[in-house]
Every structure is written in C-alpha cells, then in structure tokens.
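# An overview of the molecular structure
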Amino acid sequence: MRTIEEKQPIKDLEKKLGVLYTNLKKAWMNRCIFQKWYKDYFIPQVLGNQIKLGISGKIVLVLDHSPTHPPLDELNAVNENVEVVYLTPNVTTLI
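Residues numbered from 1 in each chain as written. Predicted model: local features only at pLDDT ≥ 70, side-chain atom pairs only at ≥ 80, totals over all residues. Heavy atoms only, no water.

### Notes on the packing of aromatic side chains
Put simply, the rule is: Only the six-membered ring of Trp is used, alongside the rings of Phe and Tyr, when aromatic pairs are assigned; centres must lie within 6.5 Å, and planes under 30 degrees apart are stacked while those over 60 apart are edge-to-face, with the rest tilted. By the criteria applied, helices consist of DSSP H or I runs no shorter than four residues and strands consist of E runs no shorter than two, each listed in order from the N terminus. Each residue is placed in one exposure class: buried if its accessible area under a 1.4 Å probe, protein chains only, is under 20% of its type's maximum, exposed if it is over 50%, and partly exposed if it falls in between.
Under the criterion given, the structure shown has 4 aromatic pairs. Residues F34 and W37 carry aromatic rings whose centres are separated by 5.6 Å and whose planes lie at 45° to one another, so their mutual orientation is tilted. Taken as a pair, F34 and W37 lie in helix α2 (residues 31-53) at a separation of 3 residues, close to a single helical turn. The exposure class of F34 is buried, given its relative accessible area of 5%. With a centroid separation of 6.2 Å and an interplanar angle of 10°, the aromatic rings of F34 and Y38 are classed as stacked. Pair noted here: F34 and Y38 are both in helix α2, with a separation of 4 residues, about one helical turn. Y38 shares its class with F34; the two are buried. Aromatic ring contacts, followed pair by pair, group F34, W37, Y38 and F42 into a single cluster.

### Some details on α2
Here is the rule we go by: Given the number of residues in a helix, its expected span is that number minus one, multiplied by 1.5 Å. To get the bend at any residue, fit one axis to the seven residues that end at it and another to the seven that begin at it, then take the angle between the two axes. Between two residues, a contact is recorded if the distance between any of their heavy atoms is within 4.5 Å.
Between the first and last C-alpha of α2 there are 31 Å, a value that for 23 residues agrees with the 33 Å anticipated at 1.5 Å per step. Taking the largest bend as the criterion, α2 deviates by roughly 35°, centred on Y38. Turning to α2, its buried residues number three or more, namely I33, F34, Q35, Y38, F42, I43, V46, L47 and Q50. Those residues of α2 that are buried are in contact with β1 (59-63), α3 (72-76) and β2 (82-86).

### Examining the nonpolar core
For the record, the criterion: We call a set of buried residues a nonpolar core when its members are Ala, Val, Leu, Ile, Met, Phe, Trp, Tyr or Cys and they connect through side-chain atoms within 4.5 Å of each other.
One finds F34, Y38, F42, I43, V46, L47, I59, L61, L63, L75, V82 and V84 forming the largest nonpolar core, which totals 12 residues. Of all elements in the fold, only α2, β1 and β2 reach the threshold of two or more residues within this core. For this core, the element with the highest residue contribution is α2, accounting for 6 residues. With near-sequence residues (within four places) excluded, Y38 lies in contact with I43, P44, L61, L75, V78, V82 and V84.

### Brief notes about the pairing of β1
Inclusion rule: In this scheme, strands are said to pair when DSSP sees at least two bridges between them.
The alternating pattern of β1 places I59, L61 and L63 on a buried face, while none of V60 and V62, on the opposite face, is buried. Pairing analysis gives 5 bridges linking β1 to β2, with the strands arranged parallel. Residue pairing in the sheet places L63 in a bridge with Y86 of β2.

Quick look at the structure:
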C-alpha cells in the first residue's frame, strides 16, 4: 500500500513483480482492496501453484480479525477449494 502522494514510478509493477498494486489516500487497506486481492490474485495464484506442483486439496487462508476483511461466508463462497478462517480477536499480538 502506498499513499497517492508518493510519486515513485509504478508502471507495469504488477506484471514485472507479480504483485497487486493499489493505493488509497491514507494508505490503509479497505474491504474493496482486500476482496480484489483475494479474488483476482490470491485464489488464482494458489490454485495455479497447486496445478504446477501436482498437488490437490483444500487451501486454508488464516487471517486476523480485521474489520477490513469481509464476512467468512462471503469469502468462503468464492471458491470451494479455498477456506478462510479468522483468528480469535486480539490474538495477533500473541503470535
């Protein structure tokens, strides 16, 4: 995440580095950005890696309990091979 004010060139960053680039005025994550990353980047990447490695099985994504994350039922409805679980609130600092 970057602020809009940062002027470093970012042209073709997604293609060259294989990352998802986006920005917000305050450089905070929001639900829309997270959903874009989850649906358009994370799921295709991990499913592609499974095929490439010749493995199968359910993929589990463990997330903290951030308010920017959508409800579990919404995330788990995107792809039957990916399951999202949330850590208990306030446990992230203990890890």
